[in-house]
Amino acid sequence: NQLPGFVANQMMWSLAALNPSGLADPSLVPMTSDLYRYHLESGLAAVPYSSQANGLFQKLSHWWARRRISPGQAARYPLAENRARLARAQSLARDLGVSLAGLVLGYLPSQPFVTVPIIGCRTLDQLDDSLAADGVRLTPGQLTFLESGRE
């Protein structure tokens, strides 16, 4: 019928390690290794939501904000693994001279296919921080380091 094909799809995706069995809503579709491979092979753009894992890394990085991690958020995001990712993200953010939120958000558009993260800001400061992440681009080695601690 000569109709245009799909140009993007939307999934739950961020730097945070995700426990899919912790998702209360079965209609949520997380990024998986198969879906990632599909994007690599097809070039289809990704439009991820929960691009900052509901502020998980910012909450983990401040003792006073840790109480804001809800039981649902703790079920979705394995805290031990994400604390290790936080330490690597903080180190890399310092090295690059960017904020933690900017690095976490910059992880997505640094992927090898078009990725347009959806952000959800509650304050003007959060919006400014997210907009400043526009210029953050990470190398493949930095992406691997953030995900697994290896380069």
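Residues numbered from 1 in each chain as written. Predicted model: local features only at pLDDT ≥ 70, side-chain atom pairs only at ≥ 80, totals over all residues. Heavy atoms only, no water.

Participant: Whenever I open this one, a nonpolar patch on the surface confuses me. Can you help?
Facilitator: On the surface, a nonpolar cluster with roughly 370 Å² of combined accessible area is contributed by Ile119, Leu124, Leu127 and Leu131. Along the chain, leucine 127 turns up in helix α6 (residues 124-132). (Patch = residues over 30% accessible without salt bridge, like charges linked within 9 Å, V, L, I, M, F, W, Y side chains within 5 Å. Areas by Shrake-Rupley, 256 points an atom, 1.4 Å probe, with all protein chains shown as cover. Salt bridge = Lys/Arg side-chain N within 4 Å of Asp/Glu carboxyl O. Helix = DSSP H or I, 4+ residues; strand = E, 2+ residues; numbered from the N terminus.)

Participant: Sorry, what's going on with the pattern of salt bridges here?
Facilitator: A side chain with one charge may pair with a side chain of the opposite charge, provided their charged atoms come close. Evaluated as defined, the whole model comprises two salt bridges. A salt bridge links arginine 37 to aspartate 34; its shortest N-O distance comes to 2.4 Å. Of the two residues, arginine 37 and aspartate 34 both sit in helix α1 (residues 33-42), three residues apart, roughly one turn of that helix. Here glutamate 81 ties to arginine 85 by a salt bridge, and the two come within 3.6 Å at their closest N and O atoms. Here arginine 85 and glutamate 81 lie together in helix α4 (residues 79-96), a separation of four residues that amounts to about one turn. We classify arginine 85 as buried; its relative accessible area is 10%. (Buried < 20%, exposed > 50% of the residue type's maximum accessible area, 1.4 Å probe, protein only.)

Participant: Explanation requested: the nonpolar core in the structure shown.
Facilitator: A general tendency of soluble globular proteins is for nonpolar side chains to be buried together. Formed by 29 residues in total, the largest nonpolar core has its most connected members in Trp13, Tyr107, Leu138 and Leu146. Elements represented by at least two residues in this core include exactly α2 (56-61), α4, α5 (100-106) and α7 (140-148). For this core, the leading source of residues is α4, giving four residues. Filtering out sequence-adjacent residues up to four positions away, leucine 146 remains in contact with Leu15, Arg85, Arg88, Ala89, Leu92, Leu103, Tyr107 and Leu138. (Core = buried A, V, L, I, M, F, W, Y, C linked by side-chain atoms within 4.5 Å. Contact = heavy atoms within 4.5 Å.)

Participant: Can you help me understand α4 in this one?
Facilitator: Owing to its 3.6 residues per turn, the α-helix brings residues three or four apart onto one side. Between the first and last C-alpha of α4 there are 25 Å, a value that for 18 residues agrees with the 26 Å anticipated at 1.5 Å per step. Of the positions making up α4, those classed as buried are Asn82, Arg85, Leu86, Arg88, Ala89, Leu92 and Ala93. Residue glycine 97 follows α4 closely and has a positive phi angle near 70 degrees. (Expected span 1.5 Å × (residues − 1).)

Participant: Got a minute to help me understand the packing of α4 against α7 in this structure?
Facilitator: A pair of packed helices is captured by two measures, namely the crossing angle of their axes and the spacing between those axes. Look at α4 against α7: their axes get within 7 Å of each other, and the N-to-C directions meet at 145 degrees. Where α4 abuts α7, its residues Arg85, Arg88, Ala89, Leu92 and Leu96 lie against Gln142, Phe145, Leu146, Glu147 and Ser148. Residues belonging to the contact of α4 with α7 are distributed by class as follows: five nonpolar, two polar and three charged. (Axes fitted to C-alpha atoms, helices over the stretch in contact; angles between N-to-C directions. Nonpolar A, V, L, I, M, F, W, Y, C, P; charged D, E, K, R; others polar.)

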